[in-house]
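Below are the chains, spelled out letter by letter.
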Amino acid sequence: MGANLDITDKLQNYINKFGLKLNPVQQEIIDYNKTLGDIKRMQIDPTQCHFLHLIIKISNIKNVLEIGTFTGLSALSISLALPEDGKLVVLDKNEETSKIAQNFFKKANQNHKITTIIKPASESLNDMKNQKFDMVFIDADKMNYKKYYEKSLGLINQGGLIIIDNVLWHGEVADVKYSDKYTINIREFNKFVCEDKRVEQVIIPLGDGMTVCRVL
Ligand SMILES: C[S@@+](CC[C@H](N)C(=O)[O-])C[C@H]1O[C@@H](n2cnc3c(N)ncnc32)[C@H](O)[C@@H]1O
């Protein structure tokens, strides 16, 4: 029977050495986030940056919506993979981190592709009725995931992708000893997506786990 490898630090270093390289500004964001203490864990893992890059390239994606930007690592990774005429709309309610992200976008010469909207994501999504995207990346407040997912389905082109981060919730989703409201919320969300006939979905065990849904 096949089995996934355990990714040790040694193996991860090997992957980093021979895999795709980060852009200098992506690395700068990671280094900056390290100075922030515990909240650095908000950013996606570099392996997810590479995954997003590849999926955008091979799916010919041009218009992307991101819900939850923080200091901009995932958004910059998405933008760098888009063609020159590609567009990315990023939503976050935090003014301070959004401004930091905007500075990084500018530094990487990506600001012409990116529109930042700073307010609660539900409000931004309600204002967006006539826009269509090829991909939505959801990485904001987890208790609203189902709401963001439903809104995203209304904003996505057929065959488009909805990618949701943190679906394995530090592994706690699969461990019965965890029954706090956040773990239960992600479990229920994963069950809902699994049973949703509007999409076909794969859970990718990168970072904290991400579900890739193709809209049917
Ligand atoms: C996990 S972080 C996003 C990480 C980012 N994708 C990255 O790779 O660095 C979650 C973000 O969601 C934002 N957020 C939380 N609740 C929100 C809400 N109701 N509306 C908009 N943004 C929200 C937070 O301000 C935070 O920046």
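Since the model is a prediction, treat every value here as computed from it, not as a measurement.

In this section: the environment of Ile 156. Relative to the elements of secondary structure, Ile 156 occurs in strand β5 (residues 156–165). Judged by local crowding, Ile 156 falls into the buried class, with 22 C-beta atoms found within 10 Å. With 20 residues separating them in the primary sequence, Ile 156 and Val 136 have C-alpha atoms 7.5 Å apart.

Moving on: the packing of helix α3 (residues 46–58) against helix α4 (residues 73–81). Their axes nearest at 8 Å, the elements α3 and α4 cross at an angle of 30°. Taken together, α3 and α4 sit at an angle that is classed as roughly parallel. Considering the relative orientation of α3 and α4, their crossing is right-handed. On α4, the residues that touch Cys 49, Leu 52, His 53, Ile 56 and Lys 57 of α3 are Leu 73, Ser 74, Ser 77, Ile 78, Leu 80 and Ala 81.

Once that is clear, we can look at the site of the ligand. Close to the ligand lie 19 residues; Gly 68, Phe 70, Ser 74, Ala 121 and Asp 141 are nearest. Elements with a contribution of two residues or more to the shell around the ligand: α4 and β2 (87–92). Grouping the amino acids of the shell around the ligand by side-chain chemistry returns eight nonpolar, seven polar and four charged.

With that out of the way, let us pick up the nonpolar core. Residues Val 64, Ile 78, Met 135, Val 136, Ile 138 and Ile 162 are the most contacted members of the largest nonpolar core, which totals 50 residues. Ranked by residue count, the leading element in this core is α4, at six residues. Sequence-distant contacts of Val 64, that is, excluding residues within four places in its chain, are made with Ile 78, Leu 82, Leu 88, Phe 133, Asp 134, Met 135 and Phe 137.

Among the structural elements, Cys 49 can be located in helix α3. Taking the C-beta count within 10 Å as the criterion, Cys 49 has 26 such neighbours and is therefore assigned buried. Here the alpha-carbon distance between Cys 49 and Trp 169, two residues 120 residues apart in the chain, equals 18 Å. Setting aside its immediate chain neighbours within four residues, Cys 49 contacts Leu 22, Gln 26, Ile 44, Leu 73 and Ser 77.

About the criteria used
Residues numbered from 1 in each chain as written. Predicted model: local features only at pLDDT ≥ 70, side-chain atom pairs only at ≥ 80, totals over all residues. Helix = DSSP H or I, 4+ residues; strand = E, 2+ residues; numbered from the N terminus. Buried ≥ 20, exposed ≤ 12 C-beta atoms within 10 Å, placed from the backbone. Axes fitted to C-alpha atoms, helices over the stretch in contact; angles between N-to-C directions. Parallel < 35°, antiparallel > 145°, perpendicular 65-115°, else oblique. Left-handed = near helix turned anticlockwise from the far one by under 90°. Contact = placed C-beta atoms within 7 Å. Near = placed C-beta within 6 Å. Nonpolar A, V, L, I, M, F, W, Y, C, P; charged D, E, K, R; others polar. Core = buried A, V, L, I, M, F, W, Y, C linked by C-beta atoms within 7 Å.

In short, the description is geometric, and any link to function would need to be established separately.
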